[in-house]
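# Coordinate inspection notes
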Protein chains: 2
Amino acid sequence: MCELLGITATAPVDVSFSFSDFAQRGGRTGPHADGWGLALFHQGFARTFLDERPASSSPLATFLRDNPVETQLAVAHIRKKTRGESRLANTHPFVRVFGGRHLVFAHNGTLVHVRERPLARETPIGDTDSEHAFCWLLERLRDAFAGELPDDPDRLGRAVFDLANDLGSDGIFNVLISDGRFLFARCGDNLVHIVRRFPLGHATLADEELRVDYTQVLRGPGSVAVVATSPLTRDEEWVRATPGTLWVFHDGALVRTFEGLPEAAHVAATAWRPGAPSPT
Amino acid sequence: MCELLGITATAPVDVSFSFSDFAQRGGRTGPHADGWGLALFHQGFARTFLDERPASSSPLATFLRDNPVETQLAVAHIRKKTRGESRLANTHPFVRVFGGRHLVFAHNGTLVHVRERPLARETPIGDTDSEHAFCWLLERLRDAFAGELPDDPDRLGRAVFDLANDLGSDGIFNVLISDGRFLFARCGDNLVHIVRRFPLGHATLADEELRVDYTQVLRGPGSVAVVATSPLTRDEEWVRATPGTLWVFHDGALVRTFEGLPEAAHVAATAWRPGAPSPT
């Protein structure tokens, strides 16, 4: 098992706060001691930092804390290996190119039967069930959207929702997927989110007695949406997803929620704008 | 314009030596102040570090000097932009997946007409002529080798040689390409290499009055091959390529040399083994 963290904001933010807390779970307060990865989007390009060592003792994680990088969308993963050995090729997030953008994929859980799904064109580099699932998903998305991923959260969200439910039938499938515009977060068994608005105030980290000034995270009007497999802070209300839910985040807001079994699913479309109540 | 550096070794080596010298050219001793990139292979997986800032003042380059990563094959690039703005998506090396491996590509020069070559499936993320050339090359390689890149340096080397000569007709095409096994180095107008053998002794860096103990680079029998657009050291004999030459390096040795125009090219096959004279 492992933990997931996704962040999207109205404007570029310094993600070191949430990641430094999250990194404590990599070998120190959590059992997730088999490497970590962080993808930071700059428009359609994801700069990825990976380490096969625990995040809590990783010099690269320390470097990222001390030299924060601004980004509007980040996907992070801390790994406790279930299948596949500890090496860089097995470290999430996995990255591929789709229609002139990076697509990143970070998975929490185990998909027992996913290798029975044949791959025609995509080729995993490592030997995890997660990367196999990503390759399978990529082939379906390439079939559905020949040239490039659509800019429509209903159309793209519906496709990701259906494919994620399909993969979810193979096991536990908590997943974060992003193309740098949208952050898709699908709940297999554990997923929570919070939307923080400017001025952000203070919160207490769940793993350390450390208070952090949220105003340093977002320096102007707008919001930050944070999604994770468990709450990062103790004194805030995190929204918990029911299994099968797909949240679609964009520019710091939750913009769509897909719920239920594929045939009975409904879309909660939320016309969110800065200053409006939380779309949850 | 920009500079290229490739390193391949018999066993994993700490590449910080050559890179720290090379990094001086990024804004300090050279005019290459528009970002840099470094791809470090671990088997078929390339961990890539990129920065849009000059290497000589980059905290990430300093981190890599202070926290060296061992690798058997590295490709580095320092960029002085000719086309395309300074941003991460335009920073070499470019990376794609081919047959369960990363393929990396770093280019020095300008290919004036390369955008006239249509692309059917591959999609650049940035707007450089270099990434367009890489995508064109990838499509030709996917056509030639459907499932995966061959393990045969003659067959794969011949394909890369012919395609590189084709691209070279569009302008200046010094390039490093690697799949983690082979390092292909093609000379457009500037390319030199050296094969260093254990015990490696001392050498004087070209850019700084700094002597480095080569024995720290390779700690046992074997060799290190270094290829670059200009010599990194002043007191060693670097072999200079004639335009159109493709060198193929593998495990610290030069294993093939392709020279001449496509129709008249010949292959200098070298049965190199550790301890034998240099294959150059």
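Fair warning: this is a prediction, and the values are worked out from it, not measured in the lab. (Residues numbered from 1 in each chain as written. Chains lettered and ligands numbered in written order. Predicted model: local features only at pLDDT ≥ 70, side-chain atom pairs only at ≥ 80, totals over all residues.)

### As for the overall build of chain A
Within chain A one finds four helices and 16 strands. Relative to its full complement of 280 residues, chain A shows a buried share of 53%. Considering only contacts in chain A between residues 6 or more positions apart, those separated by 24 or more positions represent 68%. (Helix = DSSP H or I, 4+ residues; strand = E, 2+ residues; numbered from the N terminus. Buried ≥ 20, exposed ≤ 12 C-beta atoms within 10 Å, placed from the backbone. Contact = placed C-beta atoms within 7 Å.)

### What to know about unusual backbone geometry
Following histidine 92 of chain A, the chain continues to proline 93 of chain A via a peptide bond in cis, the omega torsion being -5°. Tracing the backbone through its elements, the reader meets proline 93 of chain A in the loop between β4 (70-79) and β5 (94-98). One non-glycine residue with positive phi stands out, namely glutamine 43 of chain A, at about 55°. Along the chain, the position of glutamine 43 of chain A falls in the loop between β2 (36-42) and β3 (45-51). Of note, aspartate 251 of chain B is a non-glycine position whose phi angle comes to about 50°, a positive value. Mapped onto the elements, aspartate 251 of chain B comes out in the loop between β14 (246-250) and β15 (253-259). Its 19 C-beta neighbours within 10 Å are what place aspartate 251 of chain B among the partly exposed residues.

### Things to note about the interface of chain A and chain B
Counting residues at the interface gives 21 residues for chain A, matched by 21 residues for chain B. Among the elements that make up the side of chain A that touches chain B, the one with the highest residue count is β3 of chain A (three residues). Taken together, the residues that form the side of chain A that touches chain B break down as nine nonpolar, eight polar and four charged. (Nonpolar A, V, L, I, M, F, W, Y, C, P; charged D, E, K, R; others polar.)

### What to know about the relation of the copies chain A and chain B
For the pair chain A and chain B, the superposition axis carries a translation of 0.0 Å, the fit reaches an RMSD of 0.0 Å, and the rotation angle comes to 180°. Expressed as an axis order, the relation between the two copies is that of a two-fold axis. In this assembly, 100% of the residues forming the interface of chain A have copies in chain B that are likewise at the interface, indicating an isologous arrangement. (Least-squares fit on C-alpha atoms with pLDDT ≥ 70 in both.)

### Overview of the packing of helix α3 (residues 129-144) of chain A against helix α4 (residues 153-168) of chain A
All names here are of chain A. For the pair α3 and α4, interaxial distance at closest approach is 11 Å and the crossing angle is 145°. Pair α3 / α4 crosses with right-handed handedness. Residues Ala133, Leu137, Arg140, Leu141 and Ala144 of α3 touch α4, and the partners they reach there are Ala159, Leu163 and Leu167. Taken together, the residues that form the contact of α3 with α4 break down as seven nonpolar, no polar and one charged. (Axes fitted to C-alpha atoms, helices over the stretch in contact; angles between N-to-C directions. Left-handed = near helix turned anticlockwise from the far one by under 90°.)

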